[in-house]
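# Inside the fold
Read off the chains here:
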Amino acid sequence: MIREFLLRFIKRLSRYSVISISTFLLDLAIAFALITFFDVNYPLAFAIGFLIGVTINFSGNYYWAYRGTTRSRESGFVLFVAAAITGALVISFVVSFLVETFGTDLLLARLAIAVLVGFANFLF
C-alpha cells in the first residue's frame, strides 16, 4: 500500500515537473520579452509571465499529471485562480524585495521563488 502510494506520488511529481519546468521557461521568456522589448517594469512582467505560464500549466497538469483525480475541473479551476493570483503577487513582491534589498540577480531571484511556489502548488 505504501509502495503504491509512493509510485503514484513519484509518477505525478515527474509529470508535474515536466509540465511545470516547460511552462516556467515560457513564463521567463514572456517576462524577458516584456522587459527587453516593451520596457515593462519587472514586477509586472513577471506577474504577466507567471499568469500566462500557470494557466497553461493548469491545463497540462489537470489532464496529464492529475488524470483520474476526483476533483472536478471547475472546482480545480477555482482553486487554481486563487493560487495563481496569490502566486503572481508573491512572485512580484518577493522578487522585487530580493532584487532591491539584497541586490540579488533578477533571474536568480525569480528562479528561487519559482522553486518554492512550484513545490507549494504541487502539494496544494
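Structure first, text after, so check above.
Heads up: these notes are all about the structure in this document. (Residues numbered from 1 in each chain as written. Predicted model: local features only at pLDDT ≥ 70, side-chain atom pairs only at ≥ 80, totals over all residues. Heavy atoms only, no water.)

Okay, the nonpolar core next. The biggest cluster of nonpolar side chains holds 23 residues, and the ones touching the most others in it are F46, F50, I91 and V95. For this core, the secondary structure elements donating two or more residues are α1 (2-38), α2 (42-65), α3 (73-102) and α4 (106-123). Residue contributions to this core peak at eight residues, all from α2. With near-sequence residues (within four places) excluded, I91 lies in contact with F46, F50, R110, I113 and V117. (Core = buried A, V, L, I, M, F, W, Y, C linked by side-chain atoms within 4.5 Å. Buried < 20%, exposed > 50% of the residue type's maximum accessible area, 1.4 Å probe, protein only. Helix = DSSP H or I, 4+ residues; strand = E, 2+ residues; numbered from the N terminus. Contact = heavy atoms within 4.5 Å.)

This part is about α1. For α1, with 37 residues, the first-to-last C-alpha span of 51 Å sits near the 54 Å given by 1.5 Å per residue. Residues R12, R15, Y16, I19, S20, T23, F24, D27, L28, I30, A31 and L34 constitute the buried set of α1. Buried-residue contacts for α1 involve α2 and α4. Where α1 ends, the next residue or the one after it, D39, has phi of about 55 degrees, a positive value. (Expected span 1.5 Å × (residues − 1).)

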